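So you can see what is in the structure, the chains are spelled out below.
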Amino acid sequence: MAAFRRGQGDPGTGRVSDGGGRMGRPWVFAAVALASFLSAAPLWAGQHALKSKARNYPNTPVTLEQSKVTLVETFATPLQAGIPGTSQSRIRDANHPGGLLPAAVMLSGEALCVNRSAQAIEAIKLSVVFLDAFHQAIELPGQRGAYVVKQIVESVPRKSSKVIAWEQRVETSEIYEVAVVVTGVRFSDGSVWLAPDIELIDIL
Amino acid sequence: MAPSRERFPVTFLEALRGWQLRAYSKPLRFFSFLVILPLAIVLFMTHRVNVALGRRQALHNLGVTAELAAQIVERTLQETRLFEQMLAAQPVFRQAIQQRDGPQLTKLLQDSLQLVPRLSLAVVSAPDGTILAVFPEDLGVVGQDIAQDDAFRGAQQGGWHQYVSGVHLQEVGSHEKVVEVACPVQAGSEVIGLLMVQFRVGEVRSWFQKIRVEPGGFLYVVDQHDQLVTYPFQVLPGKPTVVSDWPPVAQAVPETGSTLVFRGGRRHELWLAGVHPVGTTGWRIVAAQPEHEVLRLLHSVLWPMGLLVSLLVTILLTVSLQWVQLQRWRLLEEAKGTRGPAA
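Residues numbered from 1 in each chain as written. Chains lettered and ligands numbered in written order. Predicted model: local features only at pLDDT ≥ 70, side-chain atom pairs only at ≥ 80, totals over all residues. Heavy atoms only, no water.

**Brief notes about unusual backbone geometry**
For residues that are not glycine, phi is negative in most cases, and the peptide bond is trans in most cases. The condition is simple: Secondary structure elements follow DSSP: runs of H or I no shorter than four residues count as helices, runs of E no shorter than two count as strands, and numbering proceeds from the N terminus. A simple rule labels every residue: compare its accessible area, found with a 1.4 Å probe on the protein chains alone, to the largest value its type can have, and call it buried under 20%, exposed over 50%, or partly exposed in between.
A cis geometry characterises the amide bond from Phe135 of chain B onward to Pro136 of chain B, with omega recorded as 10 degrees. In this fold, Pro136 of chain B is placed in the loop between β2 (131-135) and α5 (150-156). Each neighbour pair has its own omega, and for Glu214 of chain B with Pro215 of chain B the value is 0 degrees, a cis peptide bond. Among the structural elements, Pro215 of chain B can be located in the loop between α6 (201-207) and β7 (218-222). A positive phi angle, near 60 degrees, is found at Asn59 of chain A, a position not held by glycine. Tracing the sequence through the fold places Asn59 of chain A in the loop between β1 (47-55) and β2 (62-74). A residue is classified by how much of its surface remains accessible, and Asn59 of chain A, at 75% relative accessible area, is exposed. One non-glycine residue, Asp226 of chain B, lies in the positive phi region at around 60 degrees.

See below:
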């Protein structure tokens, strides 16, 4: 194929030879490296912090403070990156020829739990509310009501505090804000405190 | 002895001219009275007048917003009342009630509710409160007594009449907050039953959801028992909150609506509110907005202006002080020059 000149197409393959040989031009590699770097950028956007609020009922034995929530989008392979605005990846693979692989969206949160009661705590019931950008609760499929209940088994000695963590798999990445409320506490003596059956509202 | 003209000037113009002549020699006083003080007064008055005007306009807007939302809610409730009246006027419906024919009543409710998809439930009860039929879900409530329910008691109290209930949790099913519109069914002058249709509060909210109170404001609805029907910042559901102590709810609201300024919220800040009743239901719509949000635009203009005035004043003061020092130095030099040859 030495007879082919630079830029001439190969009649057998239809490919165009650059004539410079493999790795002949460093700027090509630099461009490829830059393009790879830029295309990999959405991978880093797979995780971001959400606005989070810890809300407490009046006279609750446990208060939550410093709530933090992170939304993590997990893709099937390390090279997959999500299409902005959807929960789908750009990659088609042999196992899913008909469509794109959906991303798994996981919310992970933590908050400082302050035990204000005179007893040690064994477990805490957390209600986690997912809100959109217009402060409307998002009802997730398979979930009764616009919130999920998480049970955290963690011992917190009396008058002390501990960081508790929770995780929840969700179907949408359009969650804007998360509110976390303690709605039940199990003390070490077996007694249980439950939040009053009154709606909890945000006073601005 | 005649008074001196210098001590007692004859005219105002002469006095002004005399003051100006004296003031020129004392630049600090001159700038203070002719530049700094007027600027400060103008800025202060501009702020006060604009705050008062902005507040008055915002209160007017909030009053109009609350009135508009109240009209939308009242009109939708009125349509529901008309729908109930039309259903209650059907001879087949009345006959089914008189015969206590549950299946027939359920079928009629089913046919009618298809026309009004916003309704979540319809109930027909006997005048003693016994449930005769329910649609769409039976939930095992047929035969139960609802005589103590707010919708039934309200419709019965003071003679049978149409009534919009207060908000309450649905006792069976989804345990959502709901409200009912009750309408007596009459055969001649005799009341033979009560027809009640139910709305979820999310439905009530959707009626006026497009109305925005910008910036930073919102609308909420309170029922005749001072309970929150809809409130945009509900975190967790449960029994309705009683908000009798909230200033827009605590004060009596006239038929034409009212506005008020109050201090409240978590930060104990100033709020503006417009309140309007929803017809004769006892409900009220409140449009509330923090005052600092209303005045944000004004302050965004006045703060830079204030800073510019402060800068100008600082420059003028600096120049004046320099001028004074220069004058003193010249005077000292002149004095030295005068004393020199004599010495």
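**A closer look at the confidence of the model for chain A**
Residues and elements named next belong to chain A. To be explicit about the condition: Confidence of the predictor at the level of single residues is given by pLDDT, which spans 0 to 100. Throughout, a contact is declared for two residues whenever any of their heavy atoms are within 4.5 Å.
Averaged over every residue, the pLDDT of chain A is 75; residues scoring 70 or more account for 66%. Strand β8 (residues 192-194) holds the highest mean pLDDT among the elements of chain A, 94, whereas helix α2 (residues 41-44) holds the lowest, 43. Contacts for the low-pLDDT stretch residues 1-21, under 50 throughout, to residues beyond four places or in other chains number 15 contacts. Every residue in residues 41-45 scores below 50 in pLDDT, and together they form six contacts with partners more than four places removed in sequence or on other chains.

**Focus: the nonpolar core**
Inclusion rule: Here the nonpolar core consists of buried residues drawn from Ala, Val, Leu, Ile, Met, Phe, Trp, Tyr and Cys, with membership extended through side-chain atoms lying within 4.5 Å.
One finds Phe93, Leu109 and Trp283 of chain B to be the most contacted residues of the largest nonpolar core, which totals 49 residues. The biggest single contributor to this core is helix α2 (residues 27-88) of chain B, with 11 residues. In this structure, Trp283 of chain B is in contact with Val73, Val164, Ser165, Val179, Val204, Val221, Val222, Asp223, Gln224, Val229, Pro277 and Val278 of chain B, ignoring residues within four places of it in sequence. Formed by 38 residues, the second largest nonpolar core is a distinct cluster that contains Leu50, Leu140, Phe187 and Ala195 of chain A.

**A closer look at the sheet that holds strand β11 (residues 269-278) of chain B**
Residue and element names in this part refer to chain B. Inclusion rule: Between any two strands, at least two bridges found by DSSP are needed for them to pair. Axis angles are defined between N-to-C directions and span 0 to 180 degrees, where every axis is a line fitted to C-alpha atoms and, for a helix, only to the segment in contact.
Spatially, β8-β7-β12-β11-β10 is the arrangement adopted by the five strands of the open sheet, whose pairing is antiparallel. The open sheet has two edge strands, β8 (228-230) and β10 (258-264), and neither has a second partner. The mean angle between the axes of side-by-side strands here comes to 35 degrees, regardless of whether they run parallel or antiparallel.

**Brief notes about the side chain of Ser258 of chain B**
Residue and element names in this part refer to chain B. Where we set the bar: Two N or O atoms count as a polar contact when they lie within 3.5 Å, although within protein this holds only if one can serve as hydrogen donor and the other as acceptor, and sequence-adjacent residues are included solely when both atoms are side-chain atoms.
Note on placement: Ser258 falls in strand β10. In this structure the side chain of Ser258 is engaged in a polar contact, spanning 2.9 Å, whose partner is the side chain of Gln251. In this view, Ser258 contacts Gln251, Val253, Ala273, Gly274 and Val275; residues no more than four positions away in its chain are not counted.

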